[in-house]
Amino acid sequence: MSSYLTKYLLRDFNACPTLFYQKFHHPEAFPSADNFATLQGREFEKMVKRCARFANLKEIPYAQNDEEGLRNTVRVLQSGFSLLAEASFRAEKLFTRADIVEIKGQEITLYEIKSKSQNIYKKSGALNDDYLTDVTFQYHLLLKAGYQVSKVYLCHPNENFRRHGEIDPDEFVAFDDVTAQCRLHEKEIEKQIDAAFACTQEKAAPVHHFNAGCGDCPLKKTCFDDFGGDNISSLIRANYQKKEELAGQGIHTFADLLSHQATLDPKQQIQVESVLSNTPHIDVAAIRKFMEGLNYPKQPLYFLDFETLEPCIPDLEGFHANQIYPTQYSLHKLEKDYGPLKHSEFLGDGIHDPRRALAEQLCEDLKEPGKILIYNKAMEPKRIDDFIALYPDLKKPLALIRKNMVDLMEIFSKLQYYEKAFGSRYSIKVVLPAFYPNDPILDYHALPGSQNGDDAQIDYYRLRTLEPKEKETVRSGMLRYCHLDTFAEVKVWLKLLALIADPNAQRIASLIRAYERDYFKI
């Protein structure tokens, strides 16, 4: 059980009292795990601490627990230091470890560090809810601890900064005075704190309610058990307010939706009928039209996937904070006239700007015109647009690549194919195991290195610091992961061919089996 309420727990309470209750009473069940964003946050913290105003900053020694952190802070303060990083404070049952504070007698200035450069403020000018909770919670705690809080600053990347040579921390870091917002929001935070503590006193977790974070919540599998199977938590195209409204009407399951004659849009109707009948929905005509539009086998057919990097601190000339650029791609190619399946790939070295080399190789690999299947048009087309703006001499081949891109995901997002196993999602990591259950060569979790896009970002970022032997191991894992992303597209496309009874499906399947035997040694 947690001893204190922290800003993170209060944020959880505001998002979902059920999740908050479980985290407060059973924190061991929710171990923290680093992702690329948290690692970048640490890099930005280092940059902030290099600013001129923090020249005399004293870092509080790392503490194994909250109590040790409090003791360490007292010792450093007694030693005469006043500008502290990672100082711990307690007031009643509230606890915080502040990023940076400056203490002069009983007067204190608080600095909260955030590594994002966008979506910090709402259109109204107010801080976004999470940031406002974080700074105001600490403001309130410090007041209760007997300090006079003179200023509260939010430190974040300057959105107008562009890298040119070495980065000057004082130019890169923006300091926003948010003291007035903390003062205005303090009463609301106090109410939230009281409600959160009241929640902790309940004998059991509060009854679940729908909220915006349900999709990725670790409790999702158990939170709606009493709703029964096939419940509305997985209803597509329905936000959490709509789901809560349905639950308030006694509509918990898909069967309830029909028996109550709830209003459903056409896609929801498809989902509900498919789930209740446990029968896939297949719009054969729409899928066949999609396949015919690929112009295969008259032209080759490509399957493309990019991996990207989004560093908080820009590592390329002219870049701003958190700017995305591609670092890697995998490309499968089915030769025209039922030729063999081939593969090519690119991966930067993690040190040099990979974009020009990547763009040139991509143009070479795609020089024979043909449709290019991607999965989720939010990524690859935008990166090609970036290349077109950056490399005018490559505009013609890049523009053709951009024109020939076709989003395979649309078959699933438009519910031209849907089955119960998808739930409310249609990413390739959901569709692939539904089409090919228990296939070891298609198991992302069995990959020896990177297993998802976040892993790939972390590994690429690490390349610049690794010794040659370890670097080759990491690169191999990254290449295997990206390869599987495009081979997954190949296999999904092949399954769709079989589902519409394409007369050449078996012939194409034999080409892909030959590739599997060669690449996977089976």
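Predicted, not measured: the structure shown is a model, and the values here were computed from it.

J.: Just to check I follow, could you spell out the overall build of the protein for this structure?
T.: Counting its regular elements, the protein contains 20 helices and 13 strands. With the C-alpha coordinates aligned to their principal axes, the bounding extent of the protein is approximately 80 × 65 × 45 Å. Sequence-distant contacts, at least 24 apart, represent 68% of the contacts inside the protein between residues at least 6 apart. On the protein, roughly 25500 Å² of surface is accessible, and the fraction owed to carbon and sulfur atoms is 49%. Where the 66 positive side-chain charges of the protein centre and where its 75 negative ones centre are 3 Å apart.

J.: Looking at this structure, I do not really get the sheet that holds strand E10 (residues 341-347). What am I missing?
T.: Sheets are built from strands that pair by backbone hydrogen bonding, the pairs being arranged parallel or antiparallel. Pairing is mixed across the open sheet formed by five strands, whose spatial order is E10-E9-E8-E11-E12. Single-partner strands in this sheet number two, and they are E10 and strand E12 (405-407). Between one strand and the next, the sheet's axes are offset by a mean angle of 25 degrees, whatever the strand orientation. Where strand E11 (residues 371-374) and E12 come together, three bridges link them in parallel fashion. Considered in E12, the bridge of Ile374 is made with Asp407. Those strands touched by helix H15 (residues 395-404) are E11 and E12, and its axis lies near 25 degrees from that of E12.

J.: How should I be thinking about the sheet that holds strand E3 (residues 94-104) in this particular structure?
T.: Pairing is mixed in the open sheet, where six strands are placed in the order E1-E2-E3-E4-E5-E6. Both outer strands of the open sheet, strand E1 (58-59) and strand E6 (173-177), are each paired with one neighbouring strand and no more. As judged from the seven bridges shared by strand E4 (residues 107-113) and strand E5 (residues 148-157), these two strands associate in the parallel manner. Counted as the bridge partner of Ile113 is Cys155 from E5. Sitting on the sheet, helix H4 (residues 66-78) touches E1, strand E2 (83-91) and E3, and the angle it makes with E2 is about 125 degrees.

J.: Before we go on, may I ask you to explain the environment of Leu362 in this structure?
T.: Here Leu362 is to be found in helix H13 (residues 355-365). A residue is classified by how much of its surface remains accessible, and Leu362, at 0% relative accessible area, is buried. In the structure, Leu362 is positioned 31 residues away from Leu331 in sequence and 8.8 Å away in space, judged by C-alpha atoms. When sequence neighbours within four positions are dropped, the list of residues in contact with Leu362 reads Leu304, Phe306, Tyr329, Ile384 and Ile401.

J.: Which parts of the structure should I look at to understand the pattern of salt bridges?
T.: Side-chain pairs of opposite charge can arise where the charged atoms are in close proximity. For the structure on display, the rule yields 33 salt bridges. Across the salt bridge formed by Arg90 and Glu67, the nearest N and O atoms sit 3.4 Å from each other. Pair noted here: Arg90 is in strand E2 and Glu67 is in helix H4, with a separation of 23 residues, a long-range link. For Arg90, a relative accessible area of 41% translates into the label partly exposed. Residue Arg237 pairs with Asp265 through a salt bridge whose shortest N-O separation is 2.8 Å. Linking Arg237 in the loop between helix H8 (220-223) and helix H9 (240-248) with Asp265 in the loop between helix H10 (254-259) and helix H11 (266-277), this pair joins segments that are 28 residues apart in sequence. On the accessibility criterion, Arg237 (56% relative accessible area) is exposed. Via salt bridges that share partners, Lys7, Arg11, Glu112, Lys114 and Asp134 belong to a single interconnected network.

J.: How should the packing of aromatic side chains be read in this particular structure?
T.: The geometry of two aromatic rings is summed up by the distance between their centres and the angle between their planes. Applying the stated criterion to the full structure yields 34 aromatic pairs. Seen in terms of ring centroids, Phe36 and Tyr461 are 5.8 Å apart; in terms of plane orientation they differ by 80 degrees. Their pairing is edge-to-face. One end of the pair, Phe36, is in helix H3 (residues 36-48); the other, Tyr461, is in helix H18 (residues 453-463), with 425 residues separating them in the sequence. In this structure an aromatic cluster arises from ring pairing among Tyr375, Phe412, Tyr417, Tyr418, Phe422 and Phe435. Above the face of the Phe81 ring, Lys58 is positioned so that its terminal group lies 5.1 Å from the ring centre. Between Arg464 and the ring centre of Tyr461, over which it is positioned, the NZ or CZ distance is 4.4 Å.

J.: How should the packing of helix H2 (residues 17-25) against helix H7 (residues 179-200) be read in this particular structure?
T.: A pair of packed helices is characterised by two quantities: the angle between their axes and the separation of those axes. Contact geometry for H2 and H7: axes closest at 10 Å, N-to-C directions at 65 degrees. Considering the angle they form, H2 stands roughly perpendicular to H7. As H2 packs across H7, the resulting crossing turns out to be right-handed. Contact with H2, carried on its side by Pro17, Phe20, Tyr21, Phe24 and His25, involves Ala196, Cys199 and Thr200 of H7 and no other residues of that element. Looking at side-chain class alone, the contact of H2 with H7 contains six nonpolar, two polar and no charged residues.

J.: Sorry if this is basic, but what is going on with the packing of H18 against helix H19 (residues 468-499) here?
T.: It is at 10 Å that the axes of H18 and H19 come closest, and there the two elements cross at 150 degrees. As summarised for this structure, H18 and H19 are arranged roughly antiparallel, according to the angle between their axes. For the element pair H18 and H19, the recorded crossing hand is left-handed. Contact with H18, carried on its side by Gly453, Ala456, Asp459, Tyr460, Arg462 and Leu463, involves Glu470, Lys471, Val474, Arg475, Met478 and Tyr481 of H19 and no other residues of that element. When its residues are assigned to classes, the contact of H18 with H19 shows six nonpolar, one polar and five charged.

J.: Help me understand the pairing of E2, please; the structure alone is not making it clear to me.
T.: The two faces of a sheet get side chains in turn, since along a regular strand they alternate between them. A large share of E2 lies buried, amounting to eight of its nine residues. In terms of strand pairing, E1 meets E2 through two bridges, oriented parallel. Note that in E2 the partner of Glu59 across the bridge is Ala85. Handedness of the crossover joining E1 and E2 through H4 is recorded here as right-handed. Strand direction decides the pairing type here: E2 and E3, joined by eight bridges, are antiparallel.

The rules behind these values
Residues numbered from 1 in each chain as written. Predicted model: local features only at pLDDT ≥ 70, side-chain atom pairs only at ≥ 80, totals over all residues. Heavy atoms only, no water. Helix = DSSP H or I, 4+ residues; strand = E, 2+ residues; numbered from the N terminus. Contact = heavy atoms within 4.5 Å. Areas by Shrake-Rupley, 256 points an atom, 1.4 Å probe, with all protein chains shown as cover. Lys, Arg positive; Asp, Glu negative; His and termini not counted. Charge placed at Lys NZ, Arg CZ, Asp CG, Glu CD. Pairing = 2+ DSSP bridges. Axes fitted to C-alpha atoms, helices over the stretch in contact; angles between N-to-C directions. Buried < 20%, exposed > 50% of the residue type's maximum accessible area, 1.4 Å probe, protein only. Salt bridge = Lys/Arg side-chain N within 4 Å of Asp/Glu carboxyl O. Phe/Tyr/Trp six-rings, centres within 6.5 Å; stacked < 30°, edge-to-face > 60°. Lys NZ or Arg CZ within 6 Å of the ring centre and 35° of its normal. Parallel < 35°, antiparallel > 145°, perpendicular 65-115°, else oblique. Left-handed = near helix turned anticlockwise from the far one by under 90°. Nonpolar A, V, L, I, M, F, W, Y, C, P; charged D, E, K, R; others polar. Right-handed = clockwise from strand over helix to strand, strands pointing away.

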